[in-house]
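The chain contents come next:
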Amino acid sequence: CDSELIAGVANIENEIPVSVFPNPSENDITISSHSEEALTAEVFSIEGKLLQKKTVEPNASQIISKQDLEAGTYLLQITDSKNALRKTERIVFY
């Protein structure tokens, strides 16, 4: 059986430099940007419906509040201004 195993992490330098915490959360989740450019943060339901869209300013933080969301699991998608870089993370409110 011919098989090839490829292991490793490629394009680390192309990741969006953000921290998302605490996750899971009872109230708010903070998105902390370490980027030199503004980022867009979008919260989607598991079904794919856009629920929130916020701008994260360069080297700043933005709050995703549970106030407008029910307890549950959501997808947080963060993109740069050119939509060239994208990070998707599962977030949970309880």
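Above this text sits the structure in question.
Analysis parameters
Residues numbered from 1 in each chain as written. Predicted model: local features only at pLDDT ≥ 70, side-chain atom pairs only at ≥ 80, totals over all residues. Heavy atoms only, no water. Pairing = 2+ DSSP bridges. Helix = DSSP H or I, 4+ residues; strand = E, 2+ residues; numbered from the N terminus. Axes fitted to C-alpha atoms, helices over the stretch in contact; angles between N-to-C directions. Buried < 20%, exposed > 50% of the residue type's maximum accessible area, 1.4 Å probe, protein only. Polar contact = N/O pair within 3.5 Å; in protein donor to acceptor, adjacent residues only side chain to side chain. Contact = heavy atoms within 4.5 Å.

(A) Here's a closer look at the sheet that holds strand β6 (residues 72-80). As summarised here, the arrangement of the 4 strands in space is β4-β3-β6-β7, forming an open sheet in which the pairing is antiparallel. Both outer strands of the open sheet, β4 (50-56) and β7 (86-93), are each paired with one neighbouring strand and no more. The mean angle between the axes of side-by-side strands here comes to 20°, regardless of whether they run parallel or antiparallel. As paired elements, strand β3 (residues 39-44) and β6 share 6 bridges and run antiparallel to each other. The residue bridging T40 from the neighbouring strand is T79, located in β6.

(B) View of the side chain of T79. Mapped onto the elements of the fold, T79 is located in strand β6. What makes T79 buried here is its relative accessible area of 4%. At 3.5 Å, the side chain of T79 and the side chain of N83 are in polar contact.

(C) Geometry of the environment of L39. Relative to the helices and strands, L39 is located in strand β3. Distance in space between the C-alpha atoms of L39 and N83 is 9.3 Å, their sequence separation being 44 residues. What L39 contacts, discounting residues up to four positions off in sequence, is I16, V18, S33, K54, T55, V56, I78, T79 and D80.

(D) A look at the pairing of strand β2 (residues 28-33). β2 sits mainly inside the fold: 5 of its 6 residues count as buried. A loop of 6 residues connects strand β1 (residues 18-21) with β2, the two strands running antiparallel in sequence. Across 5 bridges, the pairing between β2 and strand β5 (residues 61-65) is antiparallel. Counted as the bridge partner of T30 is I63 from β5.

The values are spatial; any link to function lies outside them.
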